[in-house]
Every structure is written in C-alpha cells, then in structure tokens.
Amino acid sequence: MSGWLSRLAVYFSYPFVRYALIVSVLVGLCAALLGVTLVLKRFSYIGDGLSHVAFGAMAAASLLHLADATVLILPVTVLCAVLLLKTGQSARVRGDAVIAMVSVGALALGYLLMNVFSVSSNVSGDVCSTLFGSASILTLTPRDVAVSVVLSAVVLALFLLFYHRIFAVTFDEAYARATGLPAERYHLLIAVIIAVIIVMGMQLVGSLLISALVIFPAISAMRLFSGFRAVTVCSGVLSVIGSVTGLVLSVLAATPIGATIVAVDILILLICSVIGAVRRR
Amino acid sequence: MAQIVCEDLVLGYEGRPVVSGLSFEVKAGDYLCIVGENGSGKSTLIKAILGLQPPMSGRILLQDGLQPSEIGYLPQQTDIQRDFPAQVREIVQSGCLARMKHRVFFGRAEKKLARDCMERMGILDMEKRCYRDLSGGQQQRVLLARALCSAQKVLLLDEPVSGLDPNATLELYQLIRKLNREGITILMVTHDIMAATVYASHILHIGDSVFFGTAEEYGRSRTGRGFLSAEEGILGSGGSGGGGL
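If you're wondering where the values come from, they're calculated on a predicted model, not measured in any experiment.

## Let's talk about the interface of chain A and chain B
Thinking step 1. If you look at the interface, chain A gives 24 residues, while chain B gives 21 residues.
Thinking step 2. Elements with a minimum of two residues in the side of chain A that touches chain B: helix H8 (163–171), helix H9 (173–178) and helix H12 (228–253) of chain A.
Thinking step 3. Per-element tally for the side of chain A that touches chain B: the top contributor is H8 of chain A, with five residues.
Thinking step 4. Tallied by class, residues from the side of chain A that touches chain B come to 13 nonpolar, five polar and six charged.

In structure tokens:
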C-alpha cells in the first residue's frame, strides 16, 4: 500500500508528470462537457473524422519542421470542422460519406507524408505516438501546458456563456431557429470548440483515441441522470475521474497513457450502465 | 385588423414553386387550420411565416403590432428529442431565450414565466421529470408550454396530434381551443380534416386548388367537399380523432 503511494509521490515530484496531470484534467473536462451535446446532436462521428484530419495536419507540420505544430494543426482542424458541419447539413451531399472520405483521406495522406519525407529514423514510432499518444504527454513543455490552460479556459467560458443557447439548439433546432436564435452560428461555435478540444486532446491520448474522451463520459452520464444539466455536470466529473485515474495507473504500471485513460472510461461506462439498469428496475 | 396578411405568395424550394397564388389573412383570435395533401407546401408556408424561408414572390405582412418574436411555434417532433435527457423545466425555460436578447442566464422573470406557462398547460407537477419518460401527449404539452413562453399572441402548430392516441389527441385539441378562447391566434397544420372543420374558425386548403374561408364555407365548397368525402371514404365515419366535441 505505502509502496505504490510513495512511488506515486516520487513520480509526482517530477514537473512533467504534474504537467500531464493538469492537461489530462483540462482535456477530460472540456471534451466531456461538449461531448453531451455532440452525442445528442448525433455529431460524434464528426469528432472522429476531425481527429484524423488533425493527424494529417500533424504529419504536414512535422514535414515543414514547424517549431510549434499547433500553429498549423489548430487552423486546419477548425477549418475542416466548419466544412464537415456544412456538408453534413446539406441534403445534396451525403454527409456521412464526405466525413468518411475526409477522415480516411487525411489519415492516408498523413501517413504517406510521414513515410516519404520524414527525417526521423523511427517513422513507425512517430506514427504510433501521434495516433495513440503513447509517451508524448510526458514530454510536455511548460509552454504546451500554458497553451492548453488558455484554450480550455476559453472553451469553458464559451460553454458557460452559451450554455442555455447550446441546450436550445441541441434539443430543438427548428424551434431555436424559429425564435430567432442563429442556429448556424451556434453550430459553428460548437464545431470550432470540438476542433480545439481535439487538438488539445491529441497530445494526451493521440488522435485515434480522442473521440473516446468525447463520447464515453457523455454516454455514461446519460445512464445515470435524466436532466441536461445533471448529465453535463456528471459527464465532466466522470471524465476528470477517468483521466486522473488513467494517468495514475499508467504511471504506476508503465502503460500507454491514452489507452489506459480510455480503458478506465470504458470501465466507468460499464459501471454506470449496471447502476442505471438496476435503478430502472 | 389582421395580424398576418399573405399576398399572392409563391413558395418553393430551389427555384421550383410548390404552391402559388396564396392569399389570405389571419385576424386576432382566429383559429386557422391549414390542410392539404403531403408535399403541397404546408410546412413551407409555416417556415415562410416564421421568416425562415423567404417566399419566391409575394409578401407576408405582420400587422397589428405583431412582432416575429411574438409568434410561438410547435414544430414536429424529431428523433433527437425522443431519447433526449432533459427535464421538463429545462425545456420550457428554453422558450424564454428569445426575449433575453444578449443576456446569458435566466432571471427571476423568465423562471416565473416558465412556471406560469407550465401551470397553464397543467404540467407544473412534472417540471422535474425527464422529457423522454413522458407520454406523447405530455410531451406535446411541454412543447406547447415552451411555445407559450415566447408567444403571447400567435401560435403556429405543425401537425401537433400526429402520433398521439385518440384520448391524447382530444385533450390536446381541447387545450388548444382553451388557448384560442383566451385570445391566442392559432395557425395549425393538420391532416385531421374532421377536427379542422370542428375546431377551426377558418380553413386554408392548399394543393391543386387553393381555398381560404371560414370552416362553414369550406364544408360547402367544392375543394372542401371533395377532400372531406375522400377522407370519409378512406377512414370510415369513426376515423377522426377529434370527433368528440
């Protein structure tokens, strides 16, 4: 008992582990709050598609030897978020097909770029850590942490300010429009926030797993609560618990951080499903 | 004086007119039912009145001091809503957003308004319940309460009774009539032609031929007789949900 506690104390005396903790709490919180809206609006696939776009952008950024990859990844992902949402709504283009194409295309091109142009000796290692996050979160610099603190502060502030309107647009778009709420603008806002969360989360769990942080806590919370505010708050709490537990476990057991966090989120979902099923009896 | 005046409207999608030559007016306290075959442009007309889709030609005028924000709307239910985790109160309160301009949170006035509207619809006792656990009729009353939060003068209802059982249908019709008698103008798109002739003061029939007039005139008109008898032929005499007055 005291063995692993003292080991944990040692680990957390390192600043990079503390940075990882801060970032995982923030990313978990932001992803889960927006996740409720995304899941309910049937937008979860857009999050998944965007994470692949972010992977492609990351590959391009490493190709260009950018000092800070976020400078490229963030605008590209935000742009794609806006485009995907637009095509998803138009009846003429098959929205799901477009998203599948963009997502797979970005994945393929990103891998191709990394393979053909990479100067690194360990291409598959690079690809793997971009996709699954692996150890990259432990190489966070104070600047990375500052960026994600600022980004998540912006996300949280926007979410709080527009909470009631986001609810209205999520629950009933037709009604929201009819009463003069600019639904398009709120969709845009939601898309931009998703993109920001995905870019932030890439460092934590990698681009393949980030959608898990968006979807699992939201679904878990819906098993337990029936009000929108209750579900949103619970989703945030569960996600933070999952992220912190996952991080601690991965540090102790030397497992990949992203995959461990997602595994904990899955476990939480199972527990919540059981509790929900028992209570509904 | 008329609240809503439509003059020689042409409505359609992507440059293709669906309905043309539409002229009618709605006065305060009227109960207008909009009937017609599927695809005849009923929902398009609703969208045009709400200002969501500009008419291809013609005009829609709001008069008598009627503001767009004073028109309440009861849209058709969507898939998203059926399993949506939200409390009744949260949904009804969202009807107050239109009046809040740029304010971020609900104030005391909005909360009171939401309570009053829930009380009027007889759902105050279920304000904490989850929307998806309610029956179809209760859900419609929640959405009506939400519409009342934004509308003091006019309610636009898009097929409010579709999917309801006969009892819930009758209850909803009576609730709508009560609102109408309290002075709220009702515009209702419906397939329930029998109920339309029973409850409505005016009927607008759109389709191959356009009819606008009082409910009695509609029963005597060629369009109305054709539509009514076709309806009876399909449904038999007991097919209408709103028959019991």
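## Points about the nonpolar core
One recurring pattern in soluble globular proteins: nonpolar side chains tend to sit buried together.
Thinking step 1. Judged by nonpolar contacts, the single largest core of 161 residues is most densely connected at Ile194 of chain A together with Leu156 of chain B.
Thinking step 2. Ranked by the residues each element gives to this core, the list is headed by helix H2 (residues 15–40) of chain A, at 15 residues.
Thinking step 3. Of the domains in this structure, domain 1 (1–66 + 158–237) and domain 2 (79–152) of chain B are the two that each give at least three residues to this core.
Thinking step 4. Contacts of leucine 156 of chain B, omitting those with residues within four sequence positions, involve Ile46, Ile49, Leu50, Ile71, Gly72, Tyr73, Leu74 and Leu187 of chain B.

## Notes on the sheet that holds strand S3 (residues 31–35) of chain B
Residue and element names in this part refer to chain B.
Thinking step 1. Taking strand neighbours across the sheet as the criterion, the six strands line up as S5-S6-S7-S3-S8-S9 in an open arrangement whose pairing is mixed. Every interior strand has two partners, whereas the edge strands, strand S5 (71–74) and strand S9 (211–214), have only one. Between one strand axis and the next, the sheet turns through 15° on average, direction left out of account.
Thinking step 2. Direction of pairing for S3 relative to strand S8 (residues 202–205): parallel, over a ladder of four bridges. The partner of isoleucine 34 across the bridge, within S8, is leucine 204.

## Remarks on H8 of chain A
Thinking step 1. Taking burial as the measure, the nine residues of H8 of chain A include eight buried ones, the bulk of the element.
Thinking step 2. Restricting attention to buried positions, one finds in H8 of chain A the residues His164, Arg165, Ile166, Phe167, Ala168, Val169, Thr170 and Phe171 of chain A.
Thinking step 3. Along its buried surface, H8 of chain A packs onto H2, H9, helix H10 (183–205) and H12 of chain A together with helix H2 (79–82) and helix H3 (88–93) of chain B.

## Some details on the sheet that holds strand S2 (residues 16–27) of chain B
All names here are of chain B.
Thinking step 1. Taken together, the three strands give an open sheet; going across it, the order is S2-S1-S4, and neighbouring strands pair in antiparallel fashion. Edge positions in the sheet fall to S2 and strand S4 (57–62), since each of these pairs with one other strand and no more. Geometrically, the sheet is characterised by an average inter-axis angle of 15° between neighbouring strands, direction not taken into account.
Thinking step 2. The pairing of strand S1 (residues 2–13) with S4 spans five bridges and is antiparallel. Residue valine 5 lies in a different strand from S4, and its bridge partner there is leucine 61.
Thinking step 3. Contacting S1, S2 and S4, helix H1 (residues 42–49) crosses the sheet at an angle of about 125° to S1.

## Section: the environment of serine 152 of chain A
Residue and element names in this part refer to chain A.
Thinking step 1. Following the sequence through the fold, serine 152 ends up in helix H7 (residues 142–161).
Thinking step 2. Distance from serine 152 to valine 23, taken between C-alpha atoms, is 9.3 Å for residues 129 residues apart in sequence.
Thinking step 3. Look past the residues within four positions of serine 152 in its chain and what remains in contact with it is Leu26, Cys30 and Met200.

## Topic: the pairing of S2 of chain B
Thinking step 1. Both S1 of chain B and S2 of chain B contribute to a ladder of nine bridges, which runs antiparallel. Among the inter-strand pairings, glycine 12 of chain B is bridged to a residue of S2 of chain B, identified as proline 17 of chain B.

## A closer look at the domain arrangement of chain B
All names here are of chain B.
Thinking step 1. Here chain B is described as being made up of domain 1 (1–66 + 158–237) and domain 2 (79–152).
Thinking step 2. Taken residue by residue, the interface counts seven residues in domain 1 and seven residues in domain 2.
Thinking step 3. Considered class by class, the residues forming the side of domain 1 that touches domain 2 number five nonpolar, one polar and one charged.

## Examining H7 of chain A
Residues and elements named next belong to chain A.
Thinking step 1. For H7, which comprises 20 residues, the first-to-last C-alpha distance of 28 Å matches the rise-based estimate of 28 Å (1.5 Å per residue) to within 8%.
Thinking step 2. Along H7, the residues that are buried comprise Ser148, Leu151, Ser152, Val155 and Phe159. All buried residues of H7 project into a common sector of 95° when viewed along the axis, lining one side. Summarising the geometry of H7, the exposed residues directed more than 90 degrees from the buried face are Pro142, Arg143, Ala146, Val150, Ala153 and Ala157.
Thinking step 3. Where the residues of H7 are buried, they touch H2, H8 and H10.

## Focus on the environment of glycine 107 of chain B
Thinking step 1. Looking at where glycine 107 of chain B falls in the secondary structure, it is placed in the loop between H3 and helix H4 (108–120).
Thinking step 2. Distance in space between the C-alpha atoms of glycine 107 of chain B and leucine 172 of chain B is 30 Å, their sequence separation being 65 residues.

## Description of the pairing of S9 of chain B
Residues and elements named next belong to chain B.
Thinking step 1. Pairing of S8 with S9, which is carried by four bridges, proceeds in the antiparallel orientation. Across the sheet, the residue bridging to histidine 202 is threonine 214, located in S9.
Thinking step 2. Where S8 folds back onto S9 in an antiparallel hairpin, the turn is made up of five residues, including glycine 207, whose phi is positive at roughly 155°.

## Re the packing of H2 of chain A against H12 of chain A
All names here are of chain A.
Thinking step 1. Running from N to C, H2 and H12 point in directions that differ by 150°, and their axes come no closer than 8 Å. Overall, the two elements H2 and H12 adopt an arrangement that is roughly antiparallel. For H2 against H12, the interelement crossing comes out right-handed. Packed against H2, whose contacting residues are Val17, Ala20, Leu21, Ser24, Val25, Gly28, Leu29, Ala31, Ala32, Leu33, Gly35 and Val36, the element H12 presents Val231, Thr232, Ser235, Gly236, Leu238, Ser239, Val240, Gly242, Ser243, Val244, Leu247 and Val251 at the interface.
Thinking step 2. Partitioned by chemical class, the residues of the contact of H2 with H12 number 15 nonpolar, nine polar and no charged.

Cut-offs applied
- Residues numbered from 1 in each chain as written.
- Chains lettered and ligands numbered in written order.
- Predicted model: local features only at pLDDT ≥ 70, side-chain atom pairs only at ≥ 80, totals over all residues.
- Contact = placed C-beta atoms within 7 Å.
- Helix = DSSP H or I, 4+ residues; strand = E, 2+ residues; numbered from the N terminus.
- Nonpolar A, V, L, I, M, F, W, Y, C, P; charged D, E, K, R; others polar.
- Core = buried A, V, L, I, M, F, W, Y, C linked by C-beta atoms within 7 Å.
- Buried ≥ 20, exposed ≤ 12 C-beta atoms within 10 Å, placed from the backbone.
- Domains from an automatic or database assignment.
- Pairing = 2+ DSSP bridges.
- Axes fitted to C-alpha atoms, helices over the stretch in contact; angles between N-to-C directions.
- Expected span 1.5 Å × (residues − 1).
- Arc of directions from axis to C-beta.
- Parallel < 35°, antiparallel > 145°, perpendicular 65-115°, else oblique.
- Left-handed = near helix turned anticlockwise from the far one by under 90°.

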